[in-house]
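Structural characterization, general
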Amino acid sequence: GAVVSQHPSWVICKSGTSVKIECRSLDFQATTMFWYRQFPKQSLMLMATSNEGSKATYEQGVEKDKFLINHASLTLSTLTVTSAHPEDSSFYICSARDPVSTQYFGPGTRLTVT
Amino acid sequence: SQQGEEDPQALSIQEGENATMNCSYKTSINNLQWYRQNSGRGLVHLILIRSNEREKHSGRLRVTLDTSKKSSSLLITASRAADTASYFCATDDQGAQKLVFGQGTRLTINP
């Protein structure tokens, strides 16, 4: 089956620094990718929809200047958390939609901001 | 944004018993999916039911969908300790073409 990878799987950074998370579709082209955030014991919250070659669409309440999304190719989307703060510590999960609209999820990236 | 609610929020049963989780949603949908997530891990896709289907089976899983009530249920029969996880429903919003998750049910199977 289709595979979506994320890198890194976990990252620890200091407050004020920026962190980039990569999401790749390994065996299909994804014109649309999605970024979710999950706090402990909570559900996945959709942050933004990433469209190849165009600007991302952010959900209400998500700061686009803080969470920069780049979908530069049909197999790669990146999420950059800028000027990270401890409250940004979370589990970030991406998903990629294949040409027949099936959505595949990555394994997630655990971000800890100290 | 969250599509709807799941109940119960937490469920603890004995191994061998059946577990039923419910999901409600708000908008018109193309399909509804159920996922499992072990603590701190990624999502595992369990089953997809389309809006024109009423019931679907996969192994020990049985999913029902009632579009008139905008609700779905997931039944796990003959539960096992390995079924301990969080279970989420997700709907493919017909208008927005994005997958939105319910709040989830934390299932604990006691040996």
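Residues numbered from 1 in each chain as written. Chains lettered and ligands numbered in written order. Predicted model: local features only at pLDDT ≥ 70, side-chain atom pairs only at ≥ 80, totals over all residues. Heavy atoms only, no water.

**Concerning the interface of chain A and chain B**
Across the boundary between the two partners, chain A contributes 18 residues, which contact 16 residues of chain B. Summed over the three residues of chain A that lose the most area to chain B, namely Ser 43, Leu 44 and Phe 105 of chain A, the buried surface amounts to 30% of that side. Counting the contacts that link chain A with chain B gives 1 salt bridge. Note that Lys 98 of chain B is salt-bridged to Glu 59 of chain A, the shortest N-O span being 2.8 Å. Remark: the boundary between chain A and chain B carries 4 residue pairs in polar contact (both at pLDDT 80 or more). For the side of chain A that touches chain B, the secondary-structure elements that each account for two or more residues are β4 (32-38), β5 (44-51), β9 (90-97) and β10 (103-105) of chain A. (Contact = heavy atoms within 4.5 Å. Buried area = accessible area lost by both parts, 1.4 Å probe. Salt bridge = Lys/Arg side-chain N within 4 Å of Asp/Glu carboxyl O. Polar contact = N/O pair within 3.5 Å; in protein donor to acceptor, adjacent residues only side chain to side chain. Helix = DSSP H or I, 4+ residues; strand = E, 2+ residues; numbered from the N terminus.)

**What about the side chain of Asp 98 of chain A?**
Residues and elements named next belong to chain A. For Asp 98, the location among the structural elements is in the loop between β9 and β10. The side chain of Asp 98 is buried and forms no salt bridge, while Arg 97, the nearest opposite charge, is found at 7.2 Å. Polar side-chain contacts of Asp 98 include one of 2.9 Å to the backbone nitrogen of Thr 102. Setting aside chain neighbours within four positions, we find Asp 98 in contact with Phe 28, Gln 29 and Tyr 104. (Buried < 20%, exposed > 50% of the residue type's maximum accessible area, 1.4 Å probe, protein only. Lys, Arg positive; Asp, Glu negative; His and termini not counted.)

**Some thoughts on the nonpolar core**
Counting residues in hydrophobic clusters, the biggest one holds 24 residues, and the most contacted among them are Trp 35, Phe 67, Leu 79, Tyr 92 and Leu 111 of chain A. Listed by contribution, the elements that provide at least two residues to this core are β2 (10-13), β3 (19-25), β4, β5, β7 (67-73), β8 (76-81), β9 and β11 (109-113) of chain A. With sequence-adjacent residues up to four places away left out, Leu 111 of chain A is seen in contact with Val 11, Cys 13, Val 19, Val 81, Asp 88, Ser 89, Ser 90 and Tyr 92 of chain A. Core analysis: the second largest hydrophobic core is formed by 22 residues, Leu 11, Trp 34, Leu 61 and Val 63 of chain B among them. (Core = buried A, V, L, I, M, F, W, Y, C linked by side-chain atoms within 4.5 Å.)

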